[in-house]
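# Examining the three-dimensional arrangement
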Amino acid sequence: MNVLVLNAGSSSLKFQLIATSAEQIATDTDEWLARGVIERIGGNSLLTLEVPGGGKHRESAPVRDHRAALDHVLRWLTAPPEGLHILDSLSQIDAVGHRVVHGGEYFRSSVLINDAVRQRIEDTIDLAPLHNPHNLRVIQAARAALGEGIPQAAVFDTSFHHTLPDYAYLYALPYSLYRRHRVRRYGFHGTSHRYVAYRYRRITGRAREETNLITLHLGNGCSACAISRGDSVDTSMGFTPLEGLVMGTRSGDLDPAILDYIAVKEGMSLPEVESLLNKQSGLLGISGLTNDMRELIAEAVEEDDRRARLALQIFAYRARKYIGSYLAAMGGADAIVFTGGIGENSPEVRQMVCEGLEWMGLQLDGGANLTAVGGREQQIGSEGTRLGAWVIPTNEELLIARDTVRLVLGLSTRF
Ligand code: ADP
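Along each chain, residue indices are assigned from 1 in the same order as the chain's sequence is written. Per-residue local features of the predicted model are confined to residues with pLDDT of at least 70, and side-chain atom pairs are confined, for both listing and counting, to 80 or more; whole-chain, interface and lining totals are unaffected and use all residues. By convention in this description, side-chain values take in all heavy atoms of the structure and omit both hydrogens and water.

To continue, consider helix H11 (residues 293-302). Burial classes: relative accessible area under 20% of the type maximum marks a residue as buried, over 50% as exposed, and values in between as partly exposed (1.4 Å probe, protein chains only). Helix and strand definitions follow DSSP, with helices as H or I runs of at least four residues and strands as E runs of at least two, each counted in order from the N terminus. Taken as a whole, H11 has its buried residues at Met-293, Leu-296, Ile-297 and Ala-300. Seen end-on, H11 carries its buried residues on one side only, within an arc spanning 100 degrees. Seen from the buried face of H11, the exposed residues on the opposite side, beyond 90 degrees, are Arg-294 and Glu-302. Here the buried face of H11 lies against helix H10 (282-287), helix H12 (306-330), helix H13 (340-345) and helix H14 (347-354). In the analysis that follows, any N or O atom pair within 3.5 Å is treated as a polar contact, provided that within protein one partner can donate a hydrogen and the other can accept it, and provided that, for residues neighboring in sequence, both atoms belong to side chains. Backbone nitrogen of Arg-294 and a side-chain oxygen of the N-cap are separated by 2.9 Å at the start of H11; the cap is Asp-292. Residue Asp-304 follows H11 closely and has a positive phi angle near 50 degrees. Along the arc lie the directions from the helix axis toward the C-beta atoms. When checking whether two residues touch, look at their non-hydrogen atoms; a contact exists if any pair is within 4.5 Å.

This is the structure in structure tokens:
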């Protein structure tokens, strides 16, 4: 089955075409046939296409909206530039899988999209005004372009966290705010946490019920997840993806009284303060230099920049505190798993996060940590330690494609 995976951001559309089936899932032999991204939709966009074997194409062109972006992707799949070959016709696309950011309280797992599902996603727009409208637009556009007969699935960032107990997802606010407005912790990055936990089980041969992990997704956005007996039982992102760890431009946890204080002192409106917390804080805000971890490490190491070093310290310290609190919440874990652009590629950050945790049985193998870069699954903890450590590259697109196939075949997506 060829599944087109679509991930619509506010001004981007990422896509990947994946050939998969029940048998390929069982044997881990799914294949990607094409992938790419259209960035800066609405202006002069940047379009990138990649096919297996090293074929790459880049161009810039005006792309009006997400509908036009999807049309461009579909044209590329059947008539790719520079003699690349992907598909003979669009009829070779068997299903579409969409990443949808927010499933609210309703969607506890991935679903095939019908009118009722579309309506429910629309009902959650209030909770994710920056994301869900784009997801819906691309769902509509795919239906218009490929026809009603092609099944489409929605895979939610939030649904993996539906197993959080109420004492973990409720804030200590008046309960009426939860009842009236559904103010609670939802958690995000669920597809990534779920994928690396699944890979950990495959690599180590453990059953789902025996899997107790702390997964750290460290990319532009960062989150931690406590996984007990295979289920998410706590996670650091909350009502929105702003809470929790320090991120590229997001502050993560802070005292909510700071919002009003900054607004008064800086003469800003609350939406302006919220934008500052989302776009000008985190690594960028502390360092005053960059939100990019690679550049930040270079500034700290090569230029000995004090604020770059401080940003790294605050980043690692926050992550370490979450590891400690999740170990307490879960009563221990088997391993910590690093993923995301930073988690998969930065031995320095992994080392800093794990520093001083030897007393709780975590000891990195320096050599293994150094070589675990560039998309390799690798154990980085020393042999025989009580708390293991792994690097497992995430692959949200693959999990979306697999969920789509499972739904089309009528199989459960809880695996
Ligand atoms: P997104 O969350 O947007 O998918 P990624 O998961 O790709 O982002 O993560 C991007 C982050 O990963 C950036 O901060 C980037 O600097 C960082 N990163 C990528 N490669 C390295 C590396 N070799 N060392 C340190 N950080 C890296």
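A word on the environment of Ile-392. Within the fold, Ile-392 resides in the loop between strand S14 (388-391) and helix H16 (396-408). For Ile-392, a relative accessible area of 0% translates into the label buried. When residues no more than four places from it in sequence are discounted, the contact partners of Ile-392 are Val-196, Arg-199, Tyr-200, Ile-203, Val-337, Phe-338, Thr-339, Glu-344 and Glu-377.

Turning our eyes to something else, we now look at the packing of aromatic side chains. Aromatic rings from Phe, Tyr and Trp, taking only the six-membered ring of Trp, are treated as a pair when their centres fall within 6.5 Å; an angle between ring planes under 30 degrees marks them as stacked, one over 60 as edge-to-face, and anything in between as tilted. Under the definition given, this model contains 9 aromatic pairs. Here the aromatic rings of Tyr-175 and Tyr-178 are separated by 5.5 Å at their centres, their planes lie at 65 degrees, and the arrangement is edge-to-face. Here Tyr-178 and Tyr-175 lie together in helix H6 (residues 175-181), a separation of 3 residues that amounts to about one turn. The exposure class assigned to Tyr-175 is partly exposed, which follows from its relative accessible area of 46%.

Only strands joined by at least two bridges in the DSSP assignment are considered to pair. As summarised here, the arrangement of the 6 strands in space is S11-S10-S9-S12-S14-S13, forming an open sheet in which the pairing is mixed. Two strands close off the open sheet at either side, each with one partner strand: strand S11 (231-235) and strand S13 (378-379). As judged from the 2 bridges shared by S13 and S14, these two strands associate in the antiparallel manner. Within the sheet, the bridge partner assigned to Gln-378 lies in S14 and is Val-391. Packing against the sheet, helix H7 (residues 190-204) makes contact with strand S9 (213-218), strand S10 (222-228), strand S12 (335-339) and S14, and its axis sits at approximately 130 degrees to S9. Axis lines are fitted through C-alpha atoms, for helices just across the contact stretch, and the angle between N-to-C directions can take any value from 0 to 180 degrees.

All right, on to the pairing of strand S5 (residues 55-62) then. A regular strand places its side chains so that they alternate between the two faces of the sheet. For strand S4 (residues 44-51) and S5, the ladder comprises 8 bridges, and the chain directions are antiparallel. When the bridges of S5 are listed, Asn-44 appears paired with Pro-62. The turn linking S4 back onto S5 is made up of 3 residues, and Gly-53 within it adopts a positive phi angle of 90 degrees.

With that out of the way, let us pick up the site of the ligand. Whether a residue is near a molecule or strand depends on its heavy atoms: if one lies within 4 Å, it is near. If you check the shell around the ligand, you find 13 residues, and the closest are Asn-220, Asp-292, Met-293, Arg-294 and Gly-341. A distance of 3.0 Å separates an oxygen atom of the ligand from a polar atom in the backbone of Arg-294. Ile-342 places a polar main-chain atom, nitrogen or oxygen, 3.3 Å from an oxygen atom of the ligand. Here the open area of atoms and residues is found with the Shrake-Rupley method and a 1.4 Å probe, where only the protein chains shown may cover a residue. Here the ligand, which alone exposes 580 Å², has 71% of that area covered by the protein. Of all the secondary-structure elements, those providing two or more residues to the shell around the ligand are H11 and H13. Here the nonpolar group is Ala, Val, Leu, Ile, Met, Phe, Trp, Tyr, Cys and Pro; Asp, Glu, Lys and Arg are the charged ones; every other residue, Gly included, is treated as polar. A per-class count over the shell around the ligand returns 3 nonpolar, 8 polar and 2 charged.

The strand order S5-S4-S3-S2-S1-S6-S8-S7 describes an open sheet built from 8 strands, whose pairing is mixed. The open sheet is flanked by S5 and strand S7 (111-112), the only strands paired with a single partner. Looking at chain direction, strand S1 (residues 2-8) and strand S2 (residues 13-19) are connected through 7 bridges and run antiparallel. Bridged to Val-3 within S2 is Ile-18. Seen against the sheet, H16 touches S1, S2, strand S6 (95-100), S7 and strand S8 (152-156) and runs at an angle of roughly 125 degrees to S6.

These figures come from the coordinates and say nothing about function on their own.
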